[in-house]
Amino acid sequence: QVQLVESGGGLVQPGGSLRLSCAASGSFFSIYAMGWYRQAPGKQRELVAIIVSGGSTNYADSVKGRSTISRDNAKDTVYLQMNSLSPEDTAVYYCNVIGQVSRHQGRTVYWGQGTQVTVSS
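Residue numbers run consecutively from 1 along every chain, following the written order of its sequence. For a predicted model such as this one, the threshold for reporting local features is a pLDDT of at least 70, and the threshold for listing and counting side-chain atom pairs is 80 or more; totals across whole chains, interfaces and linings nevertheless cover every residue. Excluded from the side-chain calculations are hydrogens and water; all other atoms, namely the structure's heavy atoms, are used.

Asker: An account of the nonpolar core is needed here, citing residue identities and associated values.
Answerer: Side-chain atoms within 4.5 Å are what join buried Ala, Val, Leu, Ile, Met, Phe, Trp, Tyr and Cys residues into a set we call a nonpolar core. Per-residue accessibility, obtained with a 1.4 Å probe over protein chains only, is compared with the maximum for each type, and a residue is labelled buried under 20%, exposed over 50%, and partly exposed between these values. Ranked by internal contacts, the top residues of the largest apolar core, which has 30 residues, are Leu4, Trp36, Ile69, Val78, Leu80 and Tyr93. Of all elements in the fold, only strand E3 (18-25), strand E4 (30-39), strand E5 (46-52), strand E8 (77-82), strand E9 (91-100) and strand E11 (115-119) reach the threshold of two or more residues within this core. A contact between two residues is defined here by any heavy atoms of the two lying within 4.5 Å. Ignoring anything within four residues of it in the chain, the contact list for Tyr93 reads Glu6, Leu20, Trp36, Tyr37, Arg38, Val48, Leu80, Met82, Gly114, Thr115 and Val117. Numbering goes from the N terminus for both helices and strands, where a helix is a DSSP run of H or I of at least four residues and a strand is a run of E of at least two.

Below you can see the structure in the form of structure tokens.
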């Protein structure tokens, strides 16, 4: 059974940086995409960044230019480096993986439990 384990959240001062990590425990037959979403209080969950198997990336406009998503295929791990953080970045950040656990199964969406990021002085 696959689980996604996130780490790296916490309290950060405005203008600071953080790096989120998400490691998949268990094994995937193949991974199509890995990404990060976030949900602020009273708002819908939104895409932050995604990286697909070929290496292409996509970012929300709100984080473009100050964030980098990367993945370690050997470790089934995805990272999100965020810089120049502001209070508007405060949210619960969720890891997302779209993959197959066997050649006989279709793609399934997996979610992490979420990690809180709070940007405040």
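Asker: Please provide a residue-by-residue account of the pairing of E4, values included.
Answerer: DSSP bridges decide pairing: two strands pair if at least two such bridges lie between them. Pairing geometry for E4 and E9, over nine bridges, is antiparallel. Residue Gly35 lies in a different strand from E9, and its bridge partner there is Asn96. Pairing of E4 with E5, which is carried by six bridges, proceeds in the antiparallel orientation. Within the sheet, the bridge partner assigned to Ala33 lies in E5 and is Val52. If you look at the hairpin formed by E4 and E5, you'll find six residues sitting between the two strands, and Gly42 has a positive phi there, around 80°.

Asker: How would you sum up the packing of aromatic side chains? Please name residues and give values.
Answerer: In summary, the pairing rule links any two rings of Phe, Tyr or Trp, Trp by its six-membered ring, whose centres are within 6.5 Å, and it sorts them by plane angle into stacked for under 30 degrees, edge-to-face for over 60 and tilted for everything else. One pass over the full model with this rule turns up two aromatic pairs. Ring plane angle 85° and centroid distance 5.4 Å describe the contact between Phe28 and Tyr110, whose orientation is recorded as edge-to-face. A residue pair is termed long-range when its members are at least 10 positions apart, and Phe28 in the loop between E3 and E4 and Tyr110 in strand E10 (residues 108-111) qualify at 82 residues. Each member of the pair, Phe28 as well as Tyr110, is classed as buried. With centroids separated by 5.0 Å and ring planes inclined at 70°, the aromatic side chains of Tyr37 and Trp111 adopt a geometry described as edge-to-face. With a gap of 74 residues between them, Tyr37 in strand E4 and Trp111 in strand E10 connect regions that are remote in the sequence. Should the NZ of a Lys or the CZ of an Arg lie within 6 Å of a ring centre and within 35 degrees of the ring normal, that charge is described as sitting over the ring. Positioned over the ring face of Tyr94 is Arg45, at 3.7 Å from the centre of the ring. Across the ring face of Tyr32, the terminal group of Arg107 is positioned such that the distance to the ring centre comes to 4.1 Å.

Just distances and angles here, no functional claims.
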